[in-house]
Amino acid sequence: MDKSVGILDPISQEIWDMKYRFKDVGGAIHDQTIEDTWWRVARAVAEAEKPALRETWASSFYEAFSDFRFLPAGRIVAGAGTKRSVTLFNCFVMGTIDDSMLGIFDGLKEAALTLQQGGGIGHDFSTLRPKGAPVKGVGADASGPLSFMDVWDSMCRTIMSAGARRGAMMATMHCHHPDIEAFIAAKRDPLRLRNFNLSVLVSDAFMAAVKADAPWTLTFAGQDYRTISARSLWDQIMQSTYDYAEPGVIFIDRINAQNNLGYCETIHCTNPCGEQPLPSYGACLLGSINLTRFVKYPFEANASIDEAALSKTVGVAIRFLDDVVDVSNYPLEQQAAEARAKRRLGLGMTGLADALAMCGLRYGSSAAAEAANTWAKIIENAAYKMSSKLAAEKGSFPLFNAEAYLKGGHASKLPKAIRQDIASSGLRNGLLTSIAPTGTISLFAGNVSSGIEPIFSVSYERKVRLADNSRMTLRVDDYAARLWWHLKGADTPLPPAFVTADDLTPHEHLVMQAAVQKHIDSSISKTINVPEDCNFESFKDVYSEAYDLGLKGCTTFRPNEVTGSVLSTASVTEDRDVTVMERDPALNGITYKLKWPETDHAIYITMNDIVKDGMRRPFEIFINSKNMEHFAWTVALTRMISAVFRRGGDVSFVVEELKAVFDPRGGQWMEGHYVPSLLAAIGGVIEKHMVEIGFLAPRQKPEFVATPSTKRASCPRCGELALVFQEGCATCLSCGFSKCS
């Protein structure tokens, strides 16, 4: 990052231009510089202040943004001041799903409206009766929660196909639900529930039963269904997570016991990445403090955090986020009422690993854990102090009850002086701290390490779009590494404090998460990276240790056949230039007849192939019909698909993308199967052809394709071997794709 005013390095420039720069629907650019973006956001949020003070506070907000010391969540930067009908909140937990057809589809409607405005959602499906339970009044048996999760998943794909940003959803189920075993196994099918993250709500009683090898009864609505071994059920959770990284585990009793607002709410779910346990219609508003900007004398013996500057910036950040509560849109009135009643915030940190390296501390060491604990405590104390000051100025959150608030939960462990301030002045915000995924904003800030994750890779390659729309491949260095080379010389080896995710044991990941969790009143989004050769018993120990360390949840990633493998420790990815295959004068092909029920005229799909390296592979496609209604889009579709085919490689993702398109008007039944759209039907024809020529095995297309020769994961959007698993999410380092946003 170039600290000169208005100048961004190429990576940051691309992120800004692609995600945060304000351009209207006609393409007109409103933010000419990054300063324009910061002032747009600062002034829009300062509208919540008294008129005479708005410009003063806007200036304070701008100052915190300008050196990337405070990073509001991406939705705030992209949406504030644009007058678009979007929410500035990242994620929501939806209302409790009533166990009735009307209640279920009311919930579906609310979820669709929330996703449409750009909010990720969480749903607890524990309230739906298990599969096979009687449905009174209709003489039928219930289809069970998973069948309705499939409906939610289809809805999310439909919202995405309509042009909205990628949807993100969390589904939870309590460990006592009779369908919990089916829930645990749901993602063994790599094409099912692609838009969901899954987590099991694990109770303290269940963990005690696991340790005692006691029986565990599965119940619903007061009725016992069957009794199984608690340890057997735990092993099923562990085996699924070991095999394909889901479901996650949420220690729900601990979350409710430590909740500041436990006196006025009960939590059953989290947002998609798990850092915000929320009640029904709860919303999370996020921002991060960039610790790298507070390190004094980096890489020197006296390197340290500027505690006074850190506390001051935290105070500005809390005021800013509190103002966002008042200026944001909300998809539903229930969400607005919930947010304003409790004014929940989620201020966290990013750049932790870089800041540790700059201070000479090895991530995962006891000294690093102690430093992380201290820095998190500074943020926590400054946040609560400012919230108490805001309460004296503007009033406490409406549901504040001093006695109940300070009696239990996380607030009971705050320093005595802060508790006294809260008792006398009140508190503006029910909760204040959280560690959320920061992949994109951390890259925007000069590629600082994400959240509290370790440095993932010291260097890698990313394809960057230039001003003339051409693209070039640039080497992207970690912020702290780049600073080291700037200060010490480009040829100077990195010091021992520089370690990456693959250098660490699961225990070292856990102790860092536990050190920070002590001063986080919500929760933490973090991935515990586990080596592929870790045996199953050792893997289970990771979750037992997470519980014993007091964590509120645990998410792991172990390289596997379903979700792929993480990036290798190689400094820079190899050159992956693609050469377009040349067309032979004559090609062999097959023409398929497709009769879509809504169309009077058949559609004819011709697939031509080429033989390359002894394999027959698709080379081009033509789509024809007498119905001129389809002419324009079929020509465009054939040209794009043919262009993809001619670039070679694994092009079977075309099938998956087409089959995932849902027509909002509804699909059709064809040959005994429901096909959600005409495009999906075309995808089915392409799949059939690929299978017949031996290019694709039947029904064998994982979501993330691992390339065995390189042991890296392929991004489903750009195809680059740059998909990493951290912060409870899958994120592409090359194109910015995120499974969670």
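As the structure is a computational prediction, the values presented were derived from the model and not from experiment.

## A short note on the overall build of the protein chain
And then number 1: What the protein chain contains, in helices and strands, is 23 helices and 31 strands.
And then number 2: Looking at the protein chain as a whole, 58% of its 741 residues qualify as buried.

## Brief notes about helix α5 (residues 101-116)
And then number 1: Relative to the 22 Å expected for 16 residues at 1.5 Å per residue, α5 spans 23 Å between its end C-alpha atoms, a close match to the ideal helical length.
And then number 2: Taken together, the buried positions of α5 are occupied by G103, I104, G107, L108, E110, A111, A112, T114 and L115.
And then number 3: Of the residues flanking the end of α5, it is G118, one or two places downstream, whose phi is positive at about 100 degrees.

## So, unusual backbone geometry
And then number 1: The peptide bond linking E246 to P247 adopts the cis configuration, its omega dihedral lying at 5 degrees.
And then number 2: For P247, the position within the fold is in the loop between α9 (230-244) and β10 (248-251).
And then number 3: Although it is not a glycine, L193 adopts a positive phi angle of roughly 55 degrees.
And then number 4: Among the secondary structure elements, L193 is positioned in the loop between α7 (180-185) and β7 (196-202).
And then number 5: The phi torsion at Y281 lies on the positive side, around 65 degrees, for a residue other than glycine.
And then number 6: The residue Y281 is located in the loop between β12 (277-278) and β13 (283-284) in this model.
And then number 7: Given the relative accessible area of 18%, Y281 is considered buried.

## Here's the deal with the packing of helix α14 (residues 366-394) against helix α16 (residues 416-425)
Working note: a packed helix pair is described by the angle between its axes plus the distance between those axes.
And then number 1: It is the contact of α14 with α16, at a shortest axis distance of 9 Å, that shows an interaxial angle of 15 degrees. Taken together, the axes of α14 and α16 lie roughly parallel to each other. Helix-helix and strand crossings are classified by hand; for α14 and α16 the assignment is left-handed. Contacts between α14 and α16 involve N381, Y384, K385, S388, A391 and A392 from the first element and I418, D421, I422 and S425 from the second.

## Description of the sheet that holds strand β1 (residues 70-72)
Each strand in a sheet pairs with its neighbour through backbone hydrogen bonds, running either in the same direction (parallel) or in the opposite one (antiparallel).
And then number 1: The strand order β1-β14-β17 describes an open sheet built from three strands, whose pairing is mixed. Either end of the sheet is taken by a strand with one partner, and the two such strands are β1 and β17 (346-350). The mean inter-strand angle of the sheet, taken between neighbouring strand axes irrespective of direction, is 25 degrees.
And then number 2: In terms of strand pairing, β1 meets strand β14 (residues 286-290) through three bridges, oriented antiparallel. Paired with F70 across the two strands is I289, which belongs to β14.
And then number 3: Most of the contacts of helix α11 (residues 307-327) go to β14, to which it runs at about 165 degrees, and overall it touches β1, β14 and β17.

## Focus on the packing of helix α8 (residues 204-212) against α9
And then number 1: Where α8 contacts α9, the two axes come as close as 7 Å, and the packing angle between them is 105 degrees. Here α8 is positioned roughly perpendicular relative to α9, judged by the angle of their axes. Along the contact surface, α8 presents F206, M207, A209, V210, K211 and A212, while α9 presents A230, R231, L233 and W234.

## A short note on the pattern of salt bridges
And then number 1: What the rule picks out here adds up to 33 salt bridges.
And then number 2: Salt-bridge contacts for E49 lead to K394; the nearest nitrogen and oxygen are separated by 3.2 Å. In this pair, E49 is assigned in the loop between α2 (34-46) and α3 (54-66) and K394 in helix α14, connecting sequence segments 345 residues apart.
And then number 3: K394 gets classed as partly exposed once you look at its relative accessible area, which sits at 28%.

Definitions and cut-offs
Residues numbered from 1 in each chain as written. Predicted model: local features only at pLDDT ≥ 70, side-chain atom pairs only at ≥ 80, totals over all residues. Heavy atoms only, no water. Helix = DSSP H or I, 4+ residues; strand = E, 2+ residues; numbered from the N terminus. Buried < 20%, exposed > 50% of the residue type's maximum accessible area, 1.4 Å probe, protein only. Expected span 1.5 Å × (residues − 1). Axes fitted to C-alpha atoms, helices over the stretch in contact; angles between N-to-C directions. Parallel < 35°, antiparallel > 145°, perpendicular 65-115°, else oblique. Left-handed = near helix turned anticlockwise from the far one by under 90°. Contact = heavy atoms within 4.5 Å. Pairing = 2+ DSSP bridges. Salt bridge = Lys/Arg side-chain N within 4 Å of Asp/Glu carboxyl O.

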